[in-house]
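# Geometric and topological summary
As a plain string of letters, each chain reads:
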Amino acid sequence: MNAVSSSPQEVGLQDQNELKKGIAELYDDSSGIWEDIWGDHMHHGYYEPQSSVELSDHRVAQIHMIEQALTFASLSEDSADKPTSIVDVGCEIGGSSRYLAKKYGATAKGITLSHVQAQRAQALADAQGVGVRFLFKSQTP
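This structure is a prediction, so every number in the text was calculated from the model and none was measured. (Residues numbered from 1 in each chain as written. Predicted model: local features only at pLDDT ≥ 70, side-chain atom pairs only at ≥ 80, totals over all residues. Heavy atoms only, no water.)

## Regarding the packing of helix 2 (residues 58-72) against helix 3 (residues 95-104)
- The interhelical angle for the contact between helix 2 and helix 3, taken along N-to-C directions, is 65 degrees, at an axis separation of 11 Å. Note on packing geometry: the crossing formed by helix 2 with helix 3 is right-handed. Residues Ile-63, Ile-66, Glu-67 and Leu-70 of helix 2 touch helix 3, and the partners they reach there are Ser-96, Tyr-99, Leu-100, Lys-103 and Tyr-104.
- By residue class, the composition of the contact of helix 2 with helix 3 is six nonpolar, one polar and two charged. (Axes fitted to C-alpha atoms, helices over the stretch in contact; angles between N-to-C directions. Helix = DSSP H or I, 4+ residues; strand = E, 2+ residues; numbered from the N terminus. Left-handed = near helix turned anticlockwise from the far one by under 90°. Contact = heavy atoms within 4.5 Å. Nonpolar A, V, L, I, M, F, W, Y, C, P; charged D, E, K, R; others polar.)

This is the structure we're talking about:
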């Protein structure tokens, strides 16, 4: 019987691919549930300190979170400096990609590990007439 040996790099790559595959499967299986709960944006929201919050405020807070991130990144509000292309890595169902593409009139591309999320994101973008392209990253390099 011949033993097969793998280099540490090969083992590390195999581990990364297994992790990506597991994440993709989790997203494939659960994205519909998360969309029902979180809506277009599968991320937390930003709430002003000392504000009283209603459950219905969460979707507004998600947009506020995007705006806070743009401010934190010192992205200029000057129309001459606005981004013309956007890449959203880890885009889920593309809510933030579509929001930013509309806000800036930019082209956008969203990337996720999940083919289910990429398909849903593309269907939403197409239905909204937003020129965003969504892709899923396969597990192989």
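Now that the structure has been shown, the text picks up again.
## Observations concerning helix 3
- Among the 10 residues that make up helix 3, seven are buried, leaving the element largely enclosed by the rest of the structure.
- Buried within helix 3 we find Gly-95, Ser-96, Ser-97, Arg-98, Leu-100, Ala-101 and Tyr-104.
- Just beyond helix 3, the residue with positive phi is Gly-105, at close to 65 degrees. (Buried < 20%, exposed > 50% of the residue type's maximum accessible area, 1.4 Å probe, protein only.)

## A short note on the layout of surface pockets
- Taken as a whole, the largest pocket spans an internal volume of roughly 230 Å³.
- As for the largest pocket, its lining consists of 13 residues, and the residues nearest its centre are Met-65, Ile-66, Ala-69, Ser-96 and Leu-100.
- Going through the elements one at a time, helix 2, strand 1 (85-89) and helix 3 are the ones with two or more residues in the lining of the largest pocket.
- Considering every element that reaches the lining of the largest pocket, the biggest residue donor is helix 2, with four residues.
- Taken together, the residues that form the lining of the largest pocket break down as nine nonpolar, three polar and one charged. (1 Å grid on protein atoms, 1.4 Å probe; cavity = no way out; pocket = protein on both sides within 12 Å on 5 of 7 lines; lining within 4 Å. Points joined across faces, edges and corners; volume = space filled by probe spheres on them.)

## Side note on the pairing of strand 2 (residues 107-112)
- Going residue by residue along strand 2, you find Ala-108, Gly-110 and Thr-112 tucked away on one face and Thr-107, Lys-109 and Ile-111 left uncovered on the opposite face.
- In this sheet, strand 2 lies alongside strand 1 in parallel orientation, the contact comprising five bridges. If you follow Ser-85 over to strand 2, its bridge partner there is Thr-107.
- For the crossover from strand 1 across helix 3 to strand 2, the handedness is right-handed.
- Looking at chain direction, strand 2 and strand 3 (residues 132-136) are connected through five bridges and run parallel. When the bridges of strand 3 are listed, Gly-110 appears paired with Phe-134. (Pairing = 2+ DSSP bridges. Right-handed = clockwise from strand over helix to strand, strands pointing away.)

## Thoughts on the environment of Lys-20
- Mapped onto the elements, Lys-20 comes out in helix 1 (residues 8-38).
- It is 7.0 Å that separates the C-alpha atoms of Lys-20 and Leu-113, two residues lying 93 residues apart in sequence.

## Section: the side chain of Ser-114
- Along the polypeptide, Ser-114 turns up in the loop between strand 2 and helix 4 (115-128).
- There is a polar contact of 3.2 Å between the side chain of Ser-114 and the backbone nitrogen of Val-116. (Polar contact = N/O pair within 3.5 Å; in protein donor to acceptor, adjacent residues only side chain to side chain.)

## Observations concerning a nonpolar patch on the surface
- Taken together, the side chains of Ile-33, Trp-34 and Ile-37 define a hydrophobic patch exposed on the protein surface, amounting to about 320 Å² of accessible area.
- Considering the arrangement of structural elements, one finds Trp-34 in helix 1.
- With relative accessibility at 40%, the residue Trp-34 sits in the partly exposed group. (Patch = residues over 30% accessible without salt bridge, like charges linked within 9 Å, V, L, I, M, F, W, Y side chains within 5 Å. Areas by Shrake-Rupley, 256 points an atom, 1.4 Å probe, with all protein chains shown as cover. Salt bridge = Lys/Arg side-chain N within 4 Å of Asp/Glu carboxyl O.)

## Details of the nonpolar core
- Counting 15 residues, the largest nonpolar core has Ile-86, Leu-100, Tyr-104, Val-132 and Phe-134 as its most contacted members.
- Sorting the residues of this core by element identifies helix 2, helix 3, helix 4 and strand 3 as the ones contributing at least two each.
- Those residues in contact with Tyr-104 that sit more than four places away from it in its chain are Leu-70, Leu-75, Glu-77, Lys-82, Pro-83 and Ile-86. (Core = buried A, V, L, I, M, F, W, Y, C linked by side-chain atoms within 4.5 Å.)

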